[in-house]
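Okay, here's what each chain looks like letter by letter:
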Amino acid sequence: MAEEFTPKIIGFTCNWCTYAAADLAGTSRMQYPPNLRLVRVMCSGRVSPEFVLKAFQLGADGVFIGGCHLGDCHYIHGNFKAITRYYLLKKMLQQFGIEPERVRFNFISAAEGEAFTQAVKDFTEQLKRLGPLRPSGGEGSGEA
Amino acid sequence: MGKPKIACYWAASCGGCDVSVLDIGSKLADIVEQVEIVFWPIALDFKYKDVEAMPDQSIDICLFNGGIRNEENEHMAKLLRRKSKILIAYGACAYLGGILGLANLATLKELFSRVYRETPSTVNPENTVPQPTVKVKEGELKLSPLLEYLKPLNEVVEVDYYIPGCPPVGEKAWEALIALIKGEKPPKGTVLTADERTVCDSCPRVKEEKKIKELKRIYQVIPDPEKCFLEQGIICMGPATRGGCDAQCIKAGLPCKGCFGPAPNVEDQGARMLSALASIVEVNSEEEAKRFAESVADPAGTFYLFSLPSSMLKRRVK
Amino acid sequence: MSEKEEPRIGVFICHCGTNIAGVVDVKQVVDFTSKQPNVVFATDYTYMCSDPGQALIKDSIKEHKLNRVVVAACSPRMHEPTFRKTCQEAGLNPYLFEMANIREQCSWVHMGEPEKATEKAKALVKAALAKASLLEPLTPMEFNVERSALIIGGGIAGIQAALDLANAGFHVYLVEKEPSIGGHMAQLDKTFPTLDCSACILTPKMVDVGRHPNITLLTYCEAQEVEGFIGNFKVKILRKARYVDEKACTGCGVCAQKCPVKVPSEFDLGLGMRKAIYIPFPQSVPITHTIDKENCLYFTRGVCKVCEKFCPAKAIRFDQQDETIELKVGIIINATGYDLFNAKKLPQYGYGKYKNVITGLEFERLVNASGPTGGKIVRPSDGKTPKSVAFIQCIGSRDEHHGVPYCSRICCMASLKHAHQVKEKIPGAEVCVFYIDLRCFGKGYEEFLVRVQDEGIRLVRGKVSEIYENPETGNLRLRLEDTLLGEVMETEFELVVLAVALVPRAEAPALQTLLKVSRGADGFFLEAHPKLRPVETHIPGIFICGCAQGPKDIPDTVAQASAAAAQAAIPLSQGKVTAEPLTAYVLEDYCSGCGVCEAICPYKAIELKEVEEGKRRAEVNEALCQGCGLCGAACPSKAIVLRGFTEPQLMSQIEALSSV
């Protein structure tokens, strides 16, 4: 009866780097698990911590954020803001019982389709091991 | 017609909100002349059955303070909702969950274990914990069972207005009340006595540039009394907290802790403050970002001190 | 089109041949979509980007009175501009359009799981619908362009760009911090691989600059402040006092002859001397002399004034002051060039310790006919002609731990050129180039390598690990491994020339702050895109060329300078620029002036304005705003909104993606 658990992942990727890397993975026909759904933003610095909370509130098992490598941000220092918010948010989420591994930040440039594919595969495996965020019947899943 | 009927009730509360009602000092004597207080556990000896006997909607305004922590709180919230024309969530606990809402970061089991078994000064070899009922020779004593998590008032009943603060500013609360008594009808769900902007707008301190290198706890430095706290590295919730309190705490020399709750547009006060704070630190490497995060001792307790149960995640998720 | 109108969304699902339809069940997606709120029309087609596909969109807009369009197809990075134009041609505001990426990020990456890919496609379309429902019409902004250019840097890059723009009819302000233009190229003797005399090809261009009616030459000047945005830059230039009247000075040089003070010449890298009143080199443009305040006897001790006494044009002005010049320009070109790696950082080579270890540029000065030795290659220790010269490559370059990780591109050719010059000027001399690789990639370069090999120059593949000096002779012993022979060896030379790395200017960080342009990890200024936008920077209106962008030889520098001029001429000739309207704006009623947004904006586009005593409100300069959204994410009261990526729009996407 236990179906294999497919983690739901919501991702936020910056237009210039990681979103482009995801596109490159596509043009190169690299394959990865279909449970990741991406929201395109201009810069990883656009990602409000509330987006991450919302995703978890609505049933995501993991949240992925992708931005340019430090020093390469199209908007100069957006990714520095993003990575600082990310570490602080991870620390806080632990207090809510959300394992820090459930939020993942990767610096992936537009040329790194392979790195993007691997990140999705690794994250999926990691979440499979952690299990669902809310065991079935838990409060809060699907609430808007 | 008769004098307007006012009720005040405390659910899971520290009593501060009731005290704030008394804050207006001598004016209270005048006001008491003009209204009829039909229920006020802290001050008057009305019983629950008196409330149950009242006709529905016979209470004109009910000031409900405190969070919904146990079944008794929930029952009274529903009862007072039926009996009141206007139900006001009074104070941070009723509006947002309040400081008591921080208990939502633990499960009920963990709370009991910590309080009655694990705290360093507790001596409890028989593992005695409170029970919902206990038989004594005179009969049976009942304690209201706790709900799994604390809820703000609007998660249990429909709320007409909110008056924020921990506690609310007595003078302003009374002004709002009198306006309502006089027949003013703000849109349902309005947060009364509050500004549309955050505390920064009424803060007297000088703001220069929001850029910090590291955080300081308030005991670690002698803060400059004129400069913005945040710009000195001291966490102040002012930028993410609704104004209306006239920046009292700041004028008294302490950084804002966020008791008026989030700005009007904002659902999750804690997340906005976290983002703002992390954005203004000068960070030049991933290491520095990690170290900064580590330097915030208790993020949830700091950013959600008053608003945890009404935040996006509301409580411990797993 | 009022914002309060109910959204009427038309959805177009593309098959992209079998690229999408081969994996995703397009019909199922259409069916699902047509049941979604606000969708009044949903259809599919083989190739949406084709003419018939676009016609389908335009016709549907008219027929179904659509006020929002969603296309589910390839990546928006591919065709968003295409479909925006399609909407515009049909009379719909192009910003009421959203795309769902169901190809690169769906059908192409989940080829083995068609059911799951179809589910994902539905989710992605739903997210696009959610955002589309909240989109608002936007109008690109237009700004006038000031038809003049500022070029910072008067080397060959700046000179070429200045001439191109001036010849195109635009006014150019060429700012150079040294007393003369010419840059490093003026210090060179011959240039590879043609062995043209550097000054002979450079000076005509310098003279052209000096007398061009469209060029205002501002030498001995530095840019201090740059404000504004493309088309409307306000620049403050510091004009340092020369204490010589530029209009009166004829460059006769009598002052320099008479001046009693001799100091090491910067132009000659300390190998020769100049006077306290001087021109850097004989062909300086402008020819105006400059008094070096630090060393002039009048300024240091209040005496002398011999130059004033003898100047036939009465051009000396001891009372001259530094001046600030304010300019309004439309575009800026950064042509600030390079510095050389400080070889003292690699003490094993003995530079700075042993007199006969010199750099390649110092060699240029020695071999240059107008240099301190009149073109004679001599050893600094004893002035004798060396009978053996070693060239050591990659000093500082390709050295992650002690130097810079990159290759400096020109040193192989420069050293081969120098080796040839030694052979030419010192017949019978032993010349050896110690290299790791020989990079002779350009036009005529490989042929030049063959030529110098035929001249008897030895090439040894091995990096020299250590140099030590014989103190009596001043000769140098080199210790190295000849990697082709696999032998460790020691060998002695009378003169050693180090091919040092090209590094960013010491002023680069200050320039970065001044212009707000970025620099790459290597410290050179960053181009907007390494392949497709090599001369633009991330700041619209600021261009870059020459070695400021990275080490390169003269042909590439000139090509890039002309490219920068051509790019810069686009806004200058149009007279106006349009900017994408995906910018931020402030909800004044909710802004408390906390200042978080102002502090974090990378473009300094946000200012806090005082509206009454003690109360500030943030204001966005939409011309400077680049639409990154850092402010939107950081504002603790959600009082700042980023058009096209608002919080409600992004939240709606998260909700939609979570619901399928």
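As the structure is a computational prediction, the values presented were derived from the model and not from experiment.

Caption draft 1: How the structure looks around the overall build of chain B. If you tally the helices and strands in chain B, you get 11 helices and 9 strands. Taken over C-alpha atoms, the radius of gyration comes to 22 Å for chain B, in line with the 20 Å a tight globule of 318 residues would show. Expressed as a percentage of contacts within chain B between residues at least 6 apart in sequence, the contacts between residues at least 24 apart total 73%.

Caption draft 2: Local environment of the overall build of chain C. From N to C terminus, chain C includes 18 helices and 34 strands. Overall, chain C is about 95 × 70 × 45 Å in size when its C-alpha atoms are taken along their principal axes. Intrachain contacts of chain C at a sequence separation of at least 6 include 69% that bridge at least 24 residues. Mean positive and mean negative side-chain charge positions of chain C (75 and 79 charges, respectively) differ by 4 Å.

Caption draft 3: Quick look at the pattern of salt bridges. Overall, the coordinates contain 69 salt bridges over all chains when judged by the stated rule. In this structure, Lys47 of chain B and Asp45 of chain B form a salt bridge, with 3.1 Å as the shortest nitrogen-oxygen distance. The class for Lys47 of chain B is partly exposed, based on a relative accessible area of 41%. Here Asp45 of chain B falls in the exposed class, since its relative accessible area comes to 62%. Ionic pairing is found between Lys384 of chain C and Asp382 of chain C, a salt bridge with its closest N-O pair at 3.9 Å.

Caption draft 4: Molecular detail of a nonpolar patch on the surface. Residue and element names in this part refer to chain B. On the surface, a nonpolar cluster with roughly 230 Å² of combined accessible area is contributed by Val134, Val136 and Leu141. Considering the arrangement of structural elements, one finds Val134 in strand β6 (residues 133-136). Val134 gets classed as partly exposed once you look at its relative accessible area, which sits at 43%.

Caption draft 5: Examining the packing of aromatic side chains more closely. For the structure on display, the rule yields 27 aromatic pairs over all chains. Geometrically, the ring pair formed by Phe112 of chain B and Tyr116 of chain B is tilted, given 5.6 Å between the ring centres and 45° between the ring planes. Of the two residues, Phe112 of chain B and Tyr116 of chain B both sit in helix α6 (residues 108-118), 4 residues apart, roughly one turn of that helix. The exposure class assigned to Tyr116 of chain B is partly exposed, which follows from its relative accessible area of 32%. Taken together, Tyr86, Tyr87, Phe105 and Phe107 of chain A form an aromatic cluster joined through their ring pairs. Looking at Arg29 of chain A, its charged tip hangs above the ring of Trp108 of chain C, at a distance of 3.8 Å from the centre.

Caption draft 6: Just the sheet that holds strand β3 (residues 62-67) of chain A, in detail. Residue and element names in this part refer to chain A. One open sheet holds the 4 strands; their spatial order is β2-β1-β3-β4, and the pairing between them is parallel. The open sheet terminates on both sides in strands that have one partner only, identified here as β2 (36-41) and β4 (103-107). Geometrically, the sheet is characterised by an average inter-axis angle of 20° between neighbouring strands, direction not taken into account. As defined by bridge partners, strand β1 (residues 9-14) adjoins β2 across 6 bridges and the pair is classed as parallel. Each bridged residue has a counterpart across the sheet, and for Ile10 the counterpart in β2 is Arg37. Lying on the sheet, helix α2 (residues 49-57) is in contact with β1, β3 and β4; it crosses β3 at an angle near 150°.

Caption draft 7: Structural detail: the side chain of Asn356 of chain C. All names here are of chain C. Within the secondary structure, Asn356 is located in the loop between β19 (338-340) and β20 (357-359). Here Gly474 takes part through its backbone oxygen, which lies 2.9 Å from a polar atom of the side chain of Asn356. Setting aside its immediate chain neighbours within four residues, Asn356 contacts Arg379, Pro380, Ser381, Gly474, Leu476, Glu494, Leu495 and Val496.

Caption draft 8: Quick look at the nonpolar core. One finds Phe64 and Leu153 of chain B together with Val71, Leu150, Leu165, Ile332 and Ile333 of chain C to be the most contacted residues of the largest nonpolar core, which totals 249 residues. In terms of residue count, helix α5 (residues 114-134) of chain C provides more of this core than any other element does, 10 residues in total. Apart from the residues within four sequence positions on either side, Phe64 of chain B is in contact with Tyr9, Ala11, Asn73, Met76, Ala77, Leu80, Leu87, Ile88, Ala89, Tyr90, Ala94 and Leu153 of chain B. Ranked by size, the runner-up nonpolar core spans 32 residues in total, among them Ile410, Val422, Ala429 and Tyr445 of chain C.

Caption draft 9: Just the packing of helix α1 (residues 26-34) of chain C against α5 of chain C, in detail. Residue and element names in this part refer to chain C. Where α1 contacts α5, the axes come no closer than 10 Å and their chain directions differ by 35°. For the element pair α1 and α5, the recorded crossing hand is right-handed. Across the interface between the two elements, Gln28, Val29, Phe32 and Thr33 from α1 touch Thr118, Glu119, Ala121, Lys122, Val125, Lys126 and Leu129 from α5. Looking at side-chain class alone, the contact of α1 with α5 contains 5 nonpolar, 3 polar and 3 charged residues.

Caption draft 10: Fine view of the interface of chain A and chain C. Facing 44 residues of chain A, the contacting portion of chain C comprises 48 residues. Both sides together, the interface formed by chain A and chain C hides about 4100 Å², and carbon and sulfur atoms give 59% of it. At the junction of chain A with chain C, the criterion picks out 4 salt bridges. For Arg46 of chain A, the salt bridge is made with Glu647 of chain C, and the minimal N-O distance between the two is 3.2 Å. Where chain A packs against chain C, one counts 19 residue pairs in polar contact (both at pLDDT 80 or more). Taken together, the elements giving at least two residues each to the side of chain A that touches chain C come down to β1, α1 (18-27), β2, α2 and α3 (78-95) of chain A. Per-element tally for the side of chain A that touches chain C: the top contributor is α1 of chain A, with 7 residues.

Caption draft 11: Fine view of the sheet that holds strand β2 (residues 39-45) of chain C. Residue and element names in this part refer to chain C. Taken together, the 4 strands give an open sheet; going across it, the order is β2-β1-β3-β4, and neighbouring strands pair in parallel fashion. Each having just a single partner strand, β2 and β4 (97-101) make up the two edges of the open sheet. Between one strand and the next, the sheet's axes are offset by a mean angle of 15°, whatever the strand orientation. Pairing analysis gives 6 bridges linking strand β1 (residues 9-14) to β2, with the strands arranged parallel. Paired with Phe12 across the two strands is Thr43, which belongs to β2. Where helix α3 (residues 76-89) meets the sheet, its contacts fall on β3 (68-73) and β4, and the angle it forms with β4 comes to roughly 150°.

Analysis parameters
Each chain has its residues counted from 1, following the order in which its sequence is written. Chains and ligands are labelled sequentially in the order written, the chains with letters from A and the ligands with numbers from 1. At least 70 in pLDDT is required for a residue's local features to be given in this predicted model, at least 80 for side-chain atom pairs to be given and counted, and no such filter applies to totals for whole chains, interfaces and linings, which use all residues. In computing side-chain properties, one takes all heavy atoms of the structure into account and sets aside hydrogens as well as water. In this text, helices come from DSSP runs of H or I with a minimum length of four residues, and strands from runs of E with a minimum of two, each type numbered from the N-terminal end. As defined in this context, the radius of gyration uses C-alpha atoms, and a globule is described by 2.2 Å times the residue total to the power 0.38. Note on contacts: a residue pair qualifies if any of its non-hydrogen atoms lie within 4.5 Å across the two residues. Here the positive residues are Lys and Arg and the negative ones are Asp and Glu; neither His nor the chain ends is included. All charge positions are set by atom: Lys at NZ, Arg at CZ, Asp at CG, Glu at CD. Counted as salt bridges are all cases of a side-chain nitrogen of Lys or Arg within 4 Å of a carboxyl oxygen of Asp or Glu. Partly exposed describes any residue whose relative accessible area lies between the buried limit of under 20% and the exposed limit of over 50%, with all areas from a 1.4 Å probe on protein chains only and scaled to the type maximum. Surface patches are defined over residues having more than 30% relative accessible area and no salt bridge, joining like charges when they lie within 9 Å and nonpolar side chains (Val, Leu, Ile, Met, Phe, Trp, Tyr) when within 5 Å. In this description, accessible areas are obtained by the Shrake-Rupley approach with a 1.4 Å probe, and a residue is regarded as covered only by the protein chains that are shown. Under the pairing criterion, centres of Phe, Tyr and Trp rings, with the six-membered ring standing for Trp, must be within 6.5 Å; the plane angle then separates stacked pairs below 30 degrees from edge-to-face pairs above 60, leaving the rest tilted. In this scheme, Lys NZ or Arg CZ marks a charge over a ring once it lies within 6 Å of the ring centre and within 35 degrees of the ring normal. We treat two strands as partners when DSSP finds at least two bridges between them. Lines fitted to the C-alpha atoms define the axes, with helices restricted to the stretch that makes contact. Angles between their N-to-C directions range from 0 to 180 degrees. Side-chain atoms alone can form a polar contact between residues adjacent in sequence; in general such a contact is a pair of N or O atoms within 3.5 Å, and within protein one must be able to donate a hydrogen while the other accepts it. What we call a nonpolar core is a set of buried Ala, Val, Leu, Ile, Met, Phe, Trp, Tyr and Cys residues that are connected through their side-chain atoms within 4.5 Å. Should the near helix be turned anticlockwise from the far one by less than a right angle, the crossing is termed left-handed; should it be turned clockwise, right-handed. Charged means Asp, Glu, Lys or Arg here, nonpolar means Ala, Val, Leu, Ile, Met, Phe, Trp, Tyr, Cys or Pro, and polar covers whatever is left, Gly included. Defined here as a combined quantity, buried area equals the accessible surface (1.4 Å probe) lost by two parts on assembly, summed across both.

What is shown is where atoms sit, not what they do.
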